[in-house]
Amino acid sequence: MDLKENKFVAAGLLFAATIVFVKLVSALLSNRSNNRLPPTIKALPVIGGLLRFMKGPIVMIREEYKKLGSVFTVNVLNRRITFFVGPEVSAHFFKAPESDLSQQEVYQFNVPTFGPGVVFDVDYAVRQEQFRFFTEALRVTKLKSYVDQMVVEAEDYFSKWGESGTVDLKYELEHLIILTASRCLLGREVRDKLFDDVSALFHDLDNGMRPISVIFPYLPIPCHRRRDRARARIAEIFHTIINSRKVSGRAEDDMLQCFIDSKYKNGRPTTEGEITGLLIAALFAGQHTSSITSTWTGAYLLRYKQFLSDAVEEQKNLMRKHGDKVDHDILSEMDVLFRCIKEALRLHPPLIMLLRQSHSDFTVKTREGIEYDIPKGHIVATSPAFANRLPHIFKDPDTYDPDRYAVGREEDKAAGAFSYISFGGGRHGCLGEPFAYLQIKAIWSHLLRNFEFELVSPFPENDWNAMVVGVKGEVMVKYKRRQLLVGE
Ligand code: HEM
């Protein structure tokens, strides 16, 4: 071999050695990162994960949390869903920027219901502006006028009850909340003249959102067709209302008016289609969630007489101070009632699972100090229904104990901001939380002041089959009118 040949052999050997080295390092690295992937739920190939999931996500989380800890993955068909259980691992879920963890893909199934040009049908920059419209429509000055309407609606509704009787509390509260939401959100025209038509149309929209719609939102099935027809008719109704307000120059004190008056940063006003879509989104976000929470609050108060009498005592104190008047500021003084609602909502959050799509790799550390790498492409999930009952955060987690939020205990803050997540938190925390509490307090302060109750049906259970998990069956109560004597 001459010198030239030697050089070629040496270069060739060096090249081969480099490739082997690179392969070894990358194998080592990939081994390391594979080792740090979260454990995967054992299930039959292809559909096993789906079957476990369909059996009930909370049952699955409970079983797997015991075996695998606070971070684990389930393969559902061709998707990987990674669960984060507990405040220690869910901070990134709540705080990550949209470029890392987004809602748009996983909540796409809402688009045919909300309609085009709003919320999950628009890019994040526009959605942020639309959520600014929500924030403005729900600020304290607005809430004050909504509360006045909530109080009138409650007085009006319960004035139609007799001296005594038996009612399905769930049905009654659902009905009252639709009326109140119509008044405060959809506006006077709908509440006063079009209530029956519009609530029938919303009923069709509601029924068009089924578990199957999450995977195939446009499947041509009868309930989707009814949904689309109802959506189109709602658009026509709001076209007429918005036009008539604009032509007459008449302004009202409702969310509809706020959306009509809203403007994007570039000065563009909202279109009729956007206004309608945002109102539908508000109703979907707030109506069932609030009525379910009102019913659970009642069921627990009637079951645990001690908390009922604490809540009644608080009403007496406020009546001594303010007379019969109820407004925003007086509702804000109802701490006992607030804690009773909050505790019902901890045990029964209607939104049992929150989802995001990951767009970049990230790492989470469990409270035991184990680190997991979550690859981009995973769907990530957290569950208020499960996380709200973790025993290392909430003492005797299955017990109804509103005092756990009292000064000195404050278990909802035990492990930081994401200990209690019925309203989500962080970047996408619920914008309607104050509205919801005010509405439920307005209803229950009226009921506590004017009626005595007895629960006559068995204590209710969760209706896990509903998209927004509600109360199963009827909640029958006997009522008797009473006048709360403040001197008592
Ligand atoms: C008890 C009643 C309610 C409960 C339990 C509730 C729960 C939630 C939860 C868990 C989220 C977070 C979703 C996620 O992170 O993916 C959320 C977001 C939201 N909620 Fe509520 N909600 C309630 C009432 C309301 C009401 C009355 C409104 C409006 C009138 C409303 C408007 C919104 C909006 C606009 C968002 C989206 C915020 C964002 O993505 O930035 N909610 N809600």
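Within an unreviewed UniProt entry, the label attached to the chain reads Obtusifoliol 14-alpha demethylase, and the organism entered is Fritillaria cirrhosa. Here the chain is described in UniProt, under the heading Subcellular location (unreviewed entry), as follows: "Membrane". The annotation that UniProt attaches to the chain under Catalytic activity (unreviewed entry) is "a 14alpha-methyl steroid + 3 reduced [NADPH--hemoprotein reductase] + 3 O2 = a Delta(14) steroid + formate + 3 oxidized [NADPH--hemoprotein reductase] + 4 H2O + 4 H(+)".

A.B. asks: Explanation requested: the overall build of the chain in the structure shown.
C.D. replies: Each helix and strand counted, the chain has 19 helices and 12 strands in total. With respect to the principal axes defined by its C-alpha atoms, the chain has extents near 110 × 55 × 40 Å. For the chain, the proportion of its 488 residues judged to be buried stands at 50%. Of the contacts formed within the chain by residues at least 6 apart in sequence, a portion of 71% connects residues at least 24 apart. Only carbon and sulfur atoms are counted for the fraction: they give 57% of the accessible area of the chain, which is about 23,300 Å².

A.B. asks: Would you explain the site of the ligand in this entry?
C.D. replies: Contacts to the ligand come from 24 residues, most closely from Tyr107, Arg356, Ser422, His428 and Cys430. Gln103 is positioned such that a nitrogen or oxygen atom in its side chain is 3.4 Å from an oxygen atom of the ligand. In this structure, an oxygen atom belonging to the ligand sits 2.7 Å away from a side-chain N or O atom of Tyr107. The set of elements that each furnish at least two residues to the shell around the ligand consists of helix H14 (272-303), strand S5 (354-358) and helix H19 (433-450). The element contributing the most residues to the shell around the ligand is H14, with 5 residues. Here the residues of the shell around the ligand sort into 12 nonpolar, 10 polar and 2 charged.

A.B. asks: Looking at this structure, how should I read the side chain of Glu64?
C.D. replies: As for its position among the elements, Glu64 is in helix H3 (residues 57-68). Looking at Glu64, the relative accessible area reads 2%, which means it is buried. Leave out the neighbours within four places in its chain, and Glu64 touches Ile41, Arg52, Gly69 and Phe72.

A.B. asks: In this structure, what is going on with the coordination of the iron atom of the ligand? I would like to understand it.
C.D. replies: Each donor-metal-donor angle would ideally measure 109.5 degrees in four-coordinate tetrahedral geometry, or 90 or 180 degrees in six-coordinate octahedral geometry. For the iron atom of the ligand, the sole protein-derived donor is Cys430 (SG), lying 2.3 Å away. Examined against the element boundaries, Cys430 turns out to sit in the loop between helix H18 (384-387) and H19.

A.B. asks: What exactly am I supposed to notice about the sheet that holds strand S2 (residues 79-84) here?
C.D. replies: Consider a sheet: its strands pair through backbone hydrogen bonds, and that pairing is either parallel or antiparallel. An order of S1-S2-S8-S5-S3 is seen for the 5 strands of this open sheet, with the pairing classed as mixed. At either end of the open sheet lies a strand with only one pairing partner, and these are strand S1 (71-76) and strand S3 (101-102). Sheet analysis places S2 next to strand S8 (residues 379-382), joined by 3 bridges and oriented parallel. Bridge pairing links Ile81 to Ile379 in S8. This element, H3, spans S1 and S2 of the sheet and lies at about 130 degrees to S1.

A.B. asks: Explain the confidence of the model for the chain to me, please; I cannot follow it from the model alone.
C.D. replies: Of all residues in the chain, 92% attain a pLDDT of 70 or more, and the chain-wide mean is 92. pLDDT under 50 marks residues 1-5. Its contacts with residues more than four places away, or in other chains, come to 2 contacts. Below pLDDT 50 for its whole length, residues 19-32 participates in 0 contacts with residues either more than four positions away or in separate chains.

A.B. asks: Mind showing me how you'd approach unusual backbone geometry here?
C.D. replies: Peptide bonds are, in most cases, trans, and in most cases residues other than glycine have a negative phi. The phi torsion at Val119 lies on the positive side, around 50 degrees, for a residue other than glycine. Residue classification places Val119 among the buried positions, given a relative accessible area of 2%. In this structure, Glu410 takes a positive phi of about 40 degrees despite not being glycine. Its place among the elements puts Glu410 in the loop between H18 and H19.

A.B. asks: How should the sheet that holds strand S12 (residues 476-481) be read in this particular structure?
C.D. replies: Pairing within the open sheet is antiparallel, and its 3 strands lie in the order S4-S12-S9. Looking along the sheet, the strands with just one partner apiece sit at the ends: strand S4 (164-168) and strand S9 (451-455). In this sheet, adjacent strand axes meet at a mean angle of 25 degrees when their direction is disregarded. Bridge count between S9 and S12: 5 bridges; the pairing is antiparallel. The partner of Glu452 across the bridge, within S12, is Lys480. The strands that H19 touches are S9 and S12; relative to S9, the one it contacts most, it runs at about 100 degrees.

A.B. asks: What is the right way to look at the environment of Gly86 in this model?
C.D. replies: Here Gly86 shows up in the loop between S2 and helix H4 (87-95). When its relative accessible area of 2% is taken as the criterion, Gly86 is described as buried. For the pair Gly86 and Cys258, spaced 172 residues apart in sequence, the C-alpha separation works out to 37 Å. Discounting chain neighbours no more than four positions away, the residues touching Gly86 are Ala387 and Leu390.

What counts, and at which threshold
- Residues numbered from 1 in each chain as written.
- Predicted model: local features only at pLDDT ≥ 70, side-chain atom pairs only at ≥ 80, totals over all residues.
- Heavy atoms only, no water.
- UniProt positions renumbered as here; feature names shortened; annotations may be inferred.
- Helix = DSSP H or I, 4+ residues; strand = E, 2+ residues; numbered from the N terminus.
- Buried < 20%, exposed > 50% of the residue type's maximum accessible area, 1.4 Å probe, protein only.
- Contact = heavy atoms within 4.5 Å.
- Areas by Shrake-Rupley, 256 points an atom, 1.4 Å probe, with all protein chains shown as cover.
- Near = heavy atom within 4 Å.
- Polar contact = N/O pair within 3.5 Å; in protein donor to acceptor, adjacent residues only side chain to side chain.
- Nonpolar A, V, L, I, M, F, W, Y, C, P; charged D, E, K, R; others polar.
- Donors = N, O, S within 2.8 Å, 3.2 Å for Na, K, Ca; no water.
- Pairing = 2+ DSSP bridges.
- Axes fitted to C-alpha atoms, helices over the stretch in contact; angles between N-to-C directions.
- pLDDT = per-residue confidence, 0-100.

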